[in-house]
Amino acid sequence: MPIRQLPDTMINQIAAGEVVERPASVVKELVENALDAGATRIEIATAGGGLGLIRVIDDGGGIAPDEMALAVGRHCTSKLDAGIDEIHTLGFRGEALPSIGSVARLSIRSRTANADSGSEIRVEGGVASPVKPAATNRGTTVEVRDLFFATPARLKFMKSPRAEAAAITDVVKRIAMAFPAVRFVLSGTDRSTLELAPAGGDNAMPKRIAQVLGDDFIDNALEIDACRDGVRLAGYISIPSYSRATAQQQYAFVNGRPIRDKLVAGAVRGAFADILPRDRHAVTALFFTLDPADVDVNVHPAKADVRFRDPGLVRGLIVGAIRQTLSASGIRASTSAASAMMDAFRTEGAPKSGPVAWRQPYAPPPAGGFAEAGQALFEAGPTLSAPVAEPEVDAALKEAPLGAARAQIHENYIVAQTADSLVIVDQHAAHERLVYEALKRGLESRPVAAQMLLIPEVIDMPEEDAERLAAHAELLARLGLGLERFGPGAVAVRETPAMLGDTDVVGLVRDLADEIADNDTAETLRERLNKVAATMACHGSVRSGRRLKPDEMNALLREMEATPGSGTCNHGRPTYIELKLGDIERLFGRR
Ligand code: ADP
Ligand code: MG
């Protein structure tokens, strides 16, 4: 077959293959156009998951009658006046409308602000009809019917209307998060209506985020705001105990454009690495603002991929800002645990509880470091507790965030009383976190104290494991674990970390060998060290079932208050919950 120039319709259909992957991509392109036109209200209606109908109505600047034909022409755009390196709009490629027109039945009706009448154009399967006058409001209405009727092969790949409708909701929510001042209404026969009222003022961003992700997220989120070398990062991150099984709820925006980016996702994972287990994910909404010249958005026709000119800067900014925000937040557990508890107790009709955690970091009390004093405290003493200390001491204790210990129940839960609440601590989870934090401190500064075994413990294992452990002997020694090769297929352990107490050495060393084998990748040394510390912490924690004396319980509470991150255990679960007195009174119908 001879080489020939393809007809325009086919060129547009080929472009549509990338630009218009599914109904949600049409919605994205049309909403972007409305936003670029300065709309303050955008109404989207769909039917049949968007395959039957997509209609987007906006109150933006509109299109003049003599530009209507150009708007649906290939490579026609009103947006690239500053050049491809200075993109200030969401659109710039001039190919969405012609692509959509080549695979569906497209109609556009529009009127500009100062014109008395509007105009209309239709494109069906790539064939445009002449522009006609039309009666219409100011702004633009775009209707897309029978999507992919002209490309049946693509139509076959569509998921169920329900799945396509859900993908449209997701796209609208994402983009709406970046434009809080714009009113969005998404409705249709295939869905329940989503209406996002315009949010203004200083709190526009959190208000819109709460509309989209739920109040629950904002109640359990920390604000983040940082700037480095001209790149600003603002937004919200969930506290660690409010995590999810997938990274689906991680949103990122660059200059108002929703993006999906490996670099950002990787940096977020890295920042939470020592707080969340590998299978849990934070919820995040991160907004980057930077000079458009420092980011390339012309990477893919769908415009969701970006390249930062200085990826190291952006990664460092994300990791630094998140870590700093987490550690400044001090100890704070999820409110959802306490609200779930309230729900479990609540009788019909009782009011819903508000957030019950605190935000401020707590100044450490002058307690000794856990690494030195901690373990001794947990040597099982005679039974429980309850005797209330001297009145003055008790009053002082109650002022502390986690209060004065009152009892230990079921040999694992410490019940404490603060000035205005009841606190329940999961002692196993809390201790595991404290040991982990102490080990990490040990990694950063002085080595962790080791205790010598009377008789070295010789452990047989596969040769590769022995090899790997020996290769990391220096690091393990800093954590207080002294071991060396002991002939082929064995290591001898001479010292164990003192804070782990009388631990199962064989189990610990085998777990460490697995941990090192699993993670012998390109990870940074720091991340690897933290994982090793987490494995050790798990072995050293006060198991549930250990009875604690009042002093021991109070020491644990004080240590928690002094340790950033101790509101969450190493597995991302809360280490304590707090019920306000007011909530307890409500449970009993006293309020
Ligand atoms: P791009 O957005 O990349 O410029 P499109 O094919 O999406 O390309 O749109 C082509 C042009 O049509 C836009 O540049 C804009 O001038 C005009 N246009 C499209 N939609 C609207 C709208 N809702 N309101 C005003 N103008 C619009
Ligand atoms: Mg566009």
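For the structure itself, consult the block above.
My aim in this report is to walk through the structure given alongside it, one point at a time. Chains are numbered independently. Their residues run from 1 in the order of the written sequence. Whichever chain is written first is A, and whichever ligand is written first is 1; the rest continue in order. Local features in this predicted model are restricted to residues of pLDDT 70 or higher, and side-chain atom pairs are both shown and tallied only at a pLDDT of 80 or more, whereas totals for entire chains, interfaces and linings draw on every residue. Excluded from the side-chain calculations are hydrogens and water; all other atoms, namely the structure's heavy atoms, are used.

A separate point is the site of ligand 1. Throughout this document, a residue counts as near a molecule or strand when at least one of its heavy atoms sits within 4 Å of that molecule or strand. Ligand 1 sits among 20 residues. The nearest are Asn33, Thr77, Ser78, Lys79 and Gly94. Residues adjacent in sequence count toward polar contacts only when both atoms are side-chain atoms; beyond that, a polar contact is any pair of N or O atoms within 3.5 Å, and within protein one must be able to donate a hydrogen and the other to accept it. At 2.8 Å from an oxygen atom of ligand 1 is found a side-chain nitrogen or oxygen belonging to Asn33. Within the backbone of Phe92, an N or O atom sits 3.0 Å from an oxygen atom of ligand 1. Here, Shrake-Rupley sampling with a 1.4 Å probe gives the accessible areas, and only protein chains in the shown set may cover a residue. Relative to its unbound accessible surface of 530 Å², ligand 1 loses 92% to contact with the protein. Starting at the N terminus, helices and strands are each numbered in turn, a helix being any DSSP run of H or I of at least four residues and a strand any DSSP run of E of at least two. Elements with a minimum of two residues in the shell around ligand 1: α2 (23-36) and α4 (96-103). For the shell around ligand 1, the leading source of residues is α4, giving three residues. Three categories are distinguished: nonpolar for Ala, Val, Leu, Ile, Met, Phe, Trp, Tyr, Cys and Pro, charged for Asp, Glu, Lys and Arg, and polar for the others, with Gly belonging to the last. Partitioning the shell around ligand 1 into residue classes produces nine nonpolar, seven polar and four charged.

Moving on, we get to the packing of helix α14 (residues 427-444) against helix α19 (residues 550-562). Between N-to-C directions, angles cover 0 to 180 degrees, with each direction set by a line fitted to C-alpha atoms, over the stretch in contact for helices. One can describe the packing of α14 onto α19 by two numbers: an axis separation of 10 Å at closest approach and a directional angle of 50 degrees. Looking at the two axes, α14 sits oblique to α19. With respect to the hand of their crossing, α14 and α19 are arranged in left-handed fashion. Counted together, Gln427, Ala430, His431, Leu434 and Arg441 of α14 and Leu556, Glu559 and Met560 of α19 form the full contact between these two elements. Broken down by class, the residue content of the contact of α14 with α19 amounts to four nonpolar, two polar and two charged. Here the word oblique covers every angle except those under 35 degrees (roughly parallel), over 145 (roughly antiparallel) and from 65 to 115 (roughly perpendicular). In this scheme, a crossing is called left-handed if the near helix is turned counterclockwise away from the far one by less than a right angle; it is called right-handed if the turn is clockwise. Here, residues are in contact when the closest pair of their heavy atoms is within 4.5 Å.

As summarised here, the arrangement of the five strands in space is β10-β11-β14-β12-β13, forming an open sheet in which the pairing is mixed. Among the strands making up the open sheet, the edge pair consists of β10 (221-228) and β13 (257-259). Averaged over all pairs of adjacent strands, the angle between strand axes in this sheet comes to 20 degrees, irrespective of strand direction. Paired strands, as defined in this entry, are two strands with at least two bridges between them according to DSSP. Looking at chain direction, strand β11 (residues 231-238) and strand β14 (residues 284-289) are connected through six bridges and run antiparallel. If you follow Ile237 over to β14, its bridge partner there is Thr284. Here helix α7 (residues 204-213) sits on the sheet in contact with β11, β12 (250-254) and β14, set at roughly 45 degrees to β11. Packed onto the sheet, helix α9 (residues 262-272) meets β11, β12, β13 and β14 and runs at close to 125 degrees relative to β14.

Turning next to the pairing of β10. The pairing of β10 with β11 spans eight bridges and is classified as antiparallel. Looking at the pairing, Asp225 lines up with Ala234 of β11. Two successive antiparallel strands, β10 and β11, enclose a turn made up of two residues, where Asp229 displays a positive phi of approximately 40 degrees.

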